[in-house]
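# A structural walkthrough
Here's the letter readout for the chains.
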Amino acid sequence: QVQLVESGGGLVQAGGSLRLSCAASGSISRLNPMAWYRLAPGKKRELVARITNTGTTTYADSVKGRFTISRDNAKNTVYLQMNSLETEDTAVYYCNGRTFYGEDMWGRGTQVTVSS
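Let us look at the structure shown here. (Residues numbered from 1 in each chain as written. Predicted model: local features only at pLDDT ≥ 70, side-chain atom pairs only at ≥ 80, totals over all residues. Heavy atoms only, no water.)

## Thoughts on the overall build of the protein chain
Counted only if it meets this: By definition, any uninterrupted DSSP run of H or I lasting at least four residues is a helix, any uninterrupted run of E lasting at least two residues is a strand, and each is numbered from the N terminus. Here the radius of gyration uses the C-alpha set of atoms, whereas the globule reference equals 2.2 Å times the residue count to the power 0.38. Partly exposed describes any residue whose relative accessible area lies between the buried limit of under 20% and the exposed limit of over 50%, with all areas from a 1.4 Å probe on protein chains only and scaled to the type maximum. Throughout, a residue-residue contact means that at least one pair of heavy atoms, one from each residue, lies within 4.5 Å. For the accessible areas, the method is Shrake-Rupley and the probe is 1.4 Å, while residue cover comes only from the protein chains on display. In this tally Asp and Glu are treated as negative and Lys and Arg as positive; neither His nor the chain ends contributes. To locate a charge, take atom NZ for lysine, CZ for arginine, CG for aspartate or CD for glutamate.
Scanning the protein chain from terminus to terminus reveals zero helices and 11 strands. For the protein chain, the α and β elements follow one another from N to C terminus as β-β-β-β-β-β-β-β-β-β-β. The C-alpha atoms of the protein chain give a radius of gyration of 13 Å, which matches the 13 Å a tight globule of 116 residues would have. The C-alpha extent of the protein chain, read off along each of the three principal axes, is 40 × 25 × 20 Å. Residue burial in the protein chain is summarised as follows: out of 116 residues, 42% are buried. Relative to all contacts within the protein chain whose residues are 6 or more apart in sequence, the contacts with residues 24 or more apart total 53%. Summing over all exposed atoms, the protein chain offers an accessible surface of approximately 6300 Å²; the carbon and sulfur share of this is 47%. The centroid of the 13 positive side-chain charges in the protein chain is displaced by 4 Å from the centroid of its 9 negative side-chain charges.

## A few points about the state of the cysteines
We count it as follows: Disulfide: a pair of cysteine sulfur atoms within 2.5 Å of each other.
What the rule picks out here adds up to one disulfide. Covalently, Cys 22 is tied to Cys 95 through a disulfide, its sulfur atoms 2.0 Å apart. Between Cys 22 and Cys 95, the S-S dihedral sits near -80°, and the bridge is therefore left-handed. Placement of Cys 22 in strand β3 (residues 18-24) and of Cys 95 in strand β9 (residues 91-98) is noted, with a sequence separation of 73 residues between them. Its relative accessible area of 0% is what places Cys 95 among the buried residues.

## A short note on the packing of aromatic side chains
Selection rule: Only rings of Phe, Tyr and Trp enter the pairing, Trp through its six-membered ring, and a pair is recorded when the two centres are within 6.5 Å. The plane angle decides the type: under 30 degrees is stacked, over 60 is edge-to-face, the rest tilted. Definition used: whenever NZ (Lys) or CZ (Arg) falls within 6 Å of the ring centre and also within 35 degrees of the ring normal, the charge is taken to sit over that ring.
Counting across every chain of the model gives two aromatic pairs. Both rings, one in Phe 100 and one in Tyr 101, keep their centres 5.4 Å apart while their planes meet at 85°; by these two values the pair is edge-to-face. Both residues of the pair, Phe 100 and Tyr 101, belong to the exposed class. For the cation-ring pair, Arg 45 lies above Tyr 37, with the distance from its terminal atom to the ring centre recorded as 5.4 Å.

## Notes on the side chain of Arg 66
With respect to the secondary-structure elements, Arg 66 resides in the loop between β6 (57-59) and β7 (67-72). Aside from chain neighbours lying at most four places away, what touches Arg 66 is Gln 81, Met 82, Asn 83, Ser 84, Leu 85, Glu 86 and Asp 89.

Below, the structure written as structure tokens:
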């Protein structure tokens, strides 16, 4: 069973950038798609970005043009580059991958806090 571990979160000022990483204990080529979700206090979990094995990407409207998802199958890692961060981006960010059997794998999350 593949385990996912997020890193790269932290505290940043509005307008700044962060890059989140999601490292898998096994091959991420077995997970399709892979995605980043976020959960902010008082809000529902939100899909931020998704990437398939063929590189097709999907973004939430709120992050289009600011965030970029990518995957490096050789390093078994998925990234989320976040630019022009806004206070509304403050949340715990979770890495997700779906197995061939439709099971969702989740990491434990990494906190992103954007200050004004």
